[in-house]
Amino acid sequence: MDPSLPCFILLTLLGSVVSSFDNRHRNGTRHYGYCVLGAGPSGLQMGYFLSKARRDYIILERNLGPGSFFNKYPRHRKLISINKIHTGRGNREFNLRHDWNSLLSDKPELLFKRVSSEFYPPADAFPLYLSMFVKELGLKVQYGVDIGRIRAVQSATGRSYILTDQHTSDYTCSVLLVATGLWVPQKVEFVGSDLVEGYESISTNPEDYKHQAVLILGKGNSAFETAQSILGSASRVHMLSSSPVRLAWQTHYVGDLRAVNNELLDTYQLKSLDGLVEARLEKIVIAQRMEQSGRRSGGRKKEKKRQLYLTLKKYVHSREEKNSSDVTGEELPGHHIDNFPTRKPYDRVIRCLGFRFNFSIFDSSACPPNSENAKGRLPGVTAWYEGKDTPGLFVLGTAAHSRDYRSSAGGFVHGFRYTARAVHRVLEHRYHSNEWPSTRLLTTQLQSWILKRVGEASGPYQMFEALGDVVLLRGSHCEYLEEFPIQALPQFSSLSGHEVSSHGLIVVVMQYGKKKIDYLGRSRAETDWTKAWQSNFLHPVLYYYDTLPTEEEMKLRPPGWPLPRPKAVHHMVEDFLTEWDGPISHIQPLRRFLEHCVQTDLRAFYAESCFRSSLTHRKPPLYCQQGYLKQQGVPHNSRLRQHVHDAGLAPAERNAATSGVDPAFPNYLAPAGASMSSGLKLDL
């Protein structure tokens, strides 16, 4: 052997390795198909889907571990996302309805309950769970990468995004998935705002608040969590915001005040020195005065102590300095209204106004606009979570909550784990030509499949009025697509890869009632299935369309409706156990509605009935065709049919030519008339 041959082979191998490295790291730039920015729960959830699909991706995280937000927040270290382990059910999908912390994966044991069994778990458990999620699934996460600038570039191959980190290293990707969450404290500028402490920096030791009067700005969960921690040590706690308290059990929005944090409501209404007031923050002034309240022993004066007063902008004389907060006695509210509710001074004022999205890292070429809702704190995204005017940039997790702000659970783990899956399905179709996953069913199986989904599915249950199942009717069969973003229905075909036939489609969503009621009163629930449309609690609603709704119809939908007015709509009456399996109250009305939509008898028959029907009808019921007969059955013998007719076994045949309706469609079904149905009454 030539002695130089081994050296040549070694150099060739090294050259190929270097070439491969250069392809990935051209000019110090790393190239990926997908960049996921942030290793919080939404970023890791998307990472799992990308990994499972074997896509070229990287997750970039500025801190040294996943879920770093939860290392600090909530400040008082208790999560309010429920962790109900003991449901009495072994169905994993059903149990996820009551597990608000676990992420989705194909490992049934990879659940949050492995790190905590507490109903309201400690915040420290969440980073532990996310670390376990990364390790056991082998996700590609690069820690310590602090992206400071994101810009978009256009080339011959299309649009791409360049991310620059703290070391000026670049990461280039075709698709950018922003999963940074909300971590920038929300602030409001007003006179004296420089005297206010922030939720992000306050002491969490109750001893530091002994005998102090505290004013908290805000009435969300962070504000009430802070108030609750100091109730036993502060002399009084007042809370101020522009709107009254919104209780989650009344609004059905988990971002509103949860019962676990609302002890101050008791102390307020039972008159124990604490209270709530309303005022616009832009119109208040936090003023300071140096006061002394007495003398020390020996006759010496006490040192002056800073006191903070809440007053109104209209009482304060104009000043040259915009934020000057020293006031005179005449500028205090007590000088104008002697019973002004917050006339006494405070020792501390704390800001608890939540968080906002970090827009600062985006170049103008890549920055999504501010949302029209949520006071502009969130990025504006399309119905499929792509940034408006930023194609190829998708927003995940809490930051994408503008799509269902205050109306569903998309800002929380138990909601956005499903929207992340929906985004991944959009990506799979757009960039890899994979259709939205669907299940092909015989039309006779549709009722059972819908009952199964409404009884156990966790995605539509958690993301009510936001994600829904879409049933594409195809005559004797149908295609069942799960968890499609219903606000994107006008773009259904382009996002999913499925076409709607002339038979139309059915959309299955979960909804709350829209009527304002006494939520603990005797009449809070509806149990009569004939009045199912008056249901107040969460219940399934089916919308039937003969064609896809248009963008204009989506914009003009009735107030409070998640979808435009359909051809027909069916409410399944609310169920105390959320099971919807009552033969009379749930199943029969559902069958009648489906028969109305598919124009076919969907009743189930015994074999004897199918045999008899095959002898006496030209077209037996669909159940017999697809089940018992399997499109074959008894041969069409005219002599046998005549014998059956002469024996009086056959009823008079219906004229299939009349009304243009399928002859198998039973005449006991009411024709399509009312646009609203709670299930047609059976006269059997």
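Parameters at a glance
- Residues numbered from 1 in each chain as written.
- Predicted model: local features only at pLDDT ≥ 70, side-chain atom pairs only at ≥ 80, totals over all residues.
- Heavy atoms only, no water.
- Salt bridge = Lys/Arg side-chain N within 4 Å of Asp/Glu carboxyl O.
- Helix = DSSP H or I, 4+ residues; strand = E, 2+ residues; numbered from the N terminus.
- Buried < 20%, exposed > 50% of the residue type's maximum accessible area, 1.4 Å probe, protein only.
- Contact = heavy atoms within 4.5 Å.
- pLDDT = per-residue confidence, 0-100.
- Core = buried A, V, L, I, M, F, W, Y, C linked by side-chain atoms within 4.5 Å.

### Observations regarding the pattern of salt bridges
Move 1: Summed over all chains, the structure comprises 25 salt bridges.
Move 2: Taking the shortest distance from any N to any O, the salt bridge between Glu579 and Arg89 comes out at 3.8 Å. Taken together, the positions of Glu579 in the loop between strand 22 (568-571) and helix 14 (583-598) and Arg89 in the loop between strand 2 (57-61) and helix 3 (92-95) put the pair 490 residues apart, joining distant regions of the chain.
Move 3: For Glu579, a relative accessible area of 29% corresponds to the partly exposed category.
Move 4: One salt bridge connects Glu282 with Arg280, and the closest N-O pair in it is separated by 3.7 Å.
Move 5: Glu282 gets classed as partly exposed once you look at its relative accessible area, which sits at 39%.
Move 6: A relative accessible area of 47% means that Arg280 is categorised as partly exposed.
Move 7: Through salt bridges with shared partners, one network takes in Arg421, Arg453, Asp469, Glu482 and Glu483.

### So, the environment of Leu310
Move 1: By the secondary structure assignment, Leu310 is in strand 13 (residues 305-312).
Move 2: Leu310 has contacts with Leu215, Leu240, Ile284, Val285, Ile286, Pro333, Phe340, Thr342 and Tyr346, leaving out every residue within four places of it along the chain.

### Remarks on the confidence of the model for the protein chain
Move 1: Confidence in the prediction of the protein chain, expressed as mean pLDDT, is 88, and 85% of residues score 70 or more.
Move 2: Across residues 8-23, confidence stays below pLDDT 50; counting only partners more than four residues off in sequence or on other chains, it has one contact.
Move 3: Scored below 50 in pLDDT, residues 647-684 makes 68 contacts in the model with residues more than four places away or belonging to other chains.

### A word on the nonpolar core
Move 1: Judged by nonpolar contacts, the single largest core of 116 residues is most densely connected at Leu44, Ile150, Leu163, Leu176 and Leu177.
Move 2: A per-element tally of this core places helix 4 (residues 125-137) first, with eight residues.
Move 3: Sequence-distant contacts of Ile150, that is, excluding residues within four places in its chain, are made with Leu37, Tyr161, Ile162, Leu163, Leu176, Ile361, Phe362, Asp363 and Ala366.
Move 4: Of all hydrophobic cores here, the second largest spans 28 residues; its members include Phe464, Leu473, Cys478 and Leu590.

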